[in-house]
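Analysis of the macromolecular model
If you want the building blocks of each chain, they are given just below.
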Amino acid sequence: MIESILLTSVRIMTFHGRARLTNASGFFFERDGALFLVTSRHVLVDEASQHFPDRLEIELHIGSDISRSTGFSIPLFRDGLSLWRTGSDAAGNIDVAMIEIDRAALPDNVVYRAFTPAHLPRRFEDIEVGSSLLVVGFPLGFHDTVHHLPVVRQAVIASSFGLRFQGQGYFLTDARTHRGTSGAPVVMRANAQLPGMAELPWLLLGIHSARLDVGTRDLRVDEALGLNCAWYADILLTLSAPRRA
């Protein structure tokens, strides 16, 4: 038996033409029959580093043999227009993006699990600072290469959940993370008896973005903080809303 949480996340490889650029993490989100791949915005475009991929490739499980997989390519543009969705608020760009997956193009026997709106927390006050979390992803691209599964890192909530840290749309986690984890789901165990939780008993709290550091840190003396930004997952409701014709 494979834990359902491990089937929510996929390794993302970005490309420009045939040139492979970066590794990252992502996960599936489903709403009203539409299936989306969620990751960090800077995985799809990052002006500061001149990172401008034109397609993604993910690895999908096929059939009952968990060691069987296939590559699946997702274009990021059509007719010069971006196919992915992102947003902004009063503080600026939100480091979350999602792109709809064409279900008709998926293999018939593809195996995955997707979060839904039912997995988003409804009462922020019930989630306390210090609560135990998991970050499910592909640090430095590392994963189970035989079974094509992610690894998890333990984390805790390091700032008041529901309060935008320093006015931004994220909260802090305390966890050891690496490049390649960007876009990973940040989850907390949930009661499987709750509606919609039977097959995937996890609350989706956030989307891991990046490590947070202090610009004045003395690199020779001070260790890194070990803190990370996780953008609140409720932004997915806004980004997945049906687009007007």
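Not measured: the values here are computed from a predicted model.

Each helix and strand in the protein was counted, giving 2 helices and 16 strands. Compactness check: the protein gives a C-alpha radius of gyration of 17 Å against a globular reference of 18 Å for 245 residues, within 12% of the reference. With respect to the three principal axes, the spread of C-alpha positions in the protein is 50 × 45 × 45 Å. Long-range pairs, those at least 24 residues apart, make up 64% of the contacts in the protein with a sequence separation of at least 6.

Once that is clear, we can look at the sheet that holds strand β11 (residues 132-137). Within a beta sheet, neighbouring strands are joined by backbone hydrogen bonds and run either parallel or antiparallel to one another. One closed barrel accounts for 6 strands, arranged β11-β12-β13-β16-β15-β14; its pairing is antiparallel. Between one strand axis and the next, the sheet turns by 45° as a mean value, whatever way the strands run. Pairing analysis gives 6 bridges linking strand β15 (residues 202-212) to strand β16 (residues 227-232), with the strands arranged antiparallel. The residue bridging G206 from the neighbouring strand is Y232, located in β16.

Okay, the packing of aromatic side chains next. Per the stated rule, a full pass over the model turns up 9 aromatic pairs. Taking the centre distance of 5.7 Å and the plane angle of 90° together, the rings of F27 and F115 count as edge-to-face. Of this pair, F27 sits in strand β2 (residues 19-31) while F115 is found in the loop between β10 (110-111) and β11, placing the two residues 88 residues apart along the sequence. No difference in accessibility class separates F27 from F115, as the two residues are buried. With 5.0 Å between their ring centres and 65° between their planes, F124 and F161 make a pair best called edge-to-face. With a gap of 37 residues between them, F124 in the loop between β10 and β11 and F161 in the loop between β12 (151-157) and β13 (170-174) connect regions that are remote in the sequence. We classify F124 as partly exposed; its relative accessible area is 24%. An aromatic cluster is built from F124, F161, F171 and Y232, whose rings are joined through pairwise contacts.

What follows concerns empty space enclosed by the protein. Under the defined criterion, the tally for this structure stands at 5 cavities of 30 Å³ or more. As a volume, the largest cavity reaches approximately 50 Å³. Lining the largest cavity are L6, L7, S9, V10, F28, E59, L60, H61, V111 and Y112. Contributing elements (two or more residues each) for the lining of the largest cavity: β1 (9-16) and β4 (55-62).

Below, the discussion takes up the nonpolar core. The biggest cluster of nonpolar side chains holds 31 residues, and the ones touching the most others in it are I5, V38, V96, F115, V187, L204 and L236. Elements that contribute at least two residues to this core include exactly β2, β3 (34-39), β9 (92-100), β11, β13, β15, β16 and α2 (235-239). Leave out the neighbours within four places in its chain, and L204 touches F27, F29, F115, H119, L120, P121, P185, V186, V187, A233 and L236. Counting residues in each nonpolar core, the second largest holds 23 residues, with L60, L76, Y112 and A114 among its members.

Quick notes on the rules
Along each chain, numbering runs from 1 in the same order as the chain's sequence is written. Per-residue local features of the predicted model are confined to residues with pLDDT of at least 70, and side-chain atom pairs are confined, for both listing and counting, to 80 or more; whole-chain, interface and lining totals are unaffected and use all residues. Side-chain calculation: all heavy atoms of the structure are included, whereas hydrogens and water are not. Helix and strand definitions here come from DSSP, where helices need a minimum of 4 consecutive H or I residues and strands a minimum of 2 consecutive E residues; each element is numbered from the N-terminal end. Atoms considered for the radius of gyration are the C-alpha atoms alone. The globule rule reads 2.2 Å times the number of residues to the power 0.38. The contact rule is simple, with two residues in contact once any of their heavy atoms fall within 4.5 Å. Pairing between two strands is assigned when DSSP locates at least 2 bridges connecting them. What counts as an axis is a line fitted to C-alpha atoms, over the stretch in contact for a helix, and the angles between N-to-C directions run from 0 to 180 degrees. Only Phe, Tyr and Trp rings take part, Trp by its six-membered ring, and two of them pair if their centres are within 6.5 Å. Stacked means planes under 30 degrees apart, edge-to-face means over 60, and tilted covers everything else. Under the scheme applied here, a residue whose accessible area is under 20% of the maximum for its type counts as buried, over 50% as exposed, and between as partly exposed, the area being computed with a 1.4 Å probe on protein chains only. Using a grid of 1 Å spacing that covers the protein atoms alone, one calls a set of points a cavity when a 1.4 Å probe fits there but cannot get out, and a pocket when the set is open and has protein on both sides within 12 Å along at least five of seven lines; lining residues are those with an atom within 4 Å of a point. Grid points are joined across faces, edges and corners, and a volume is the space filled by probe spheres set on the points. Nonpolar cores were defined as sets of buried Ala, Val, Leu, Ile, Met, Phe, Trp, Tyr and Cys residues, with membership established by side-chain atoms within 4.5 Å.

Distances and angles like these do not, on their own, reveal function.
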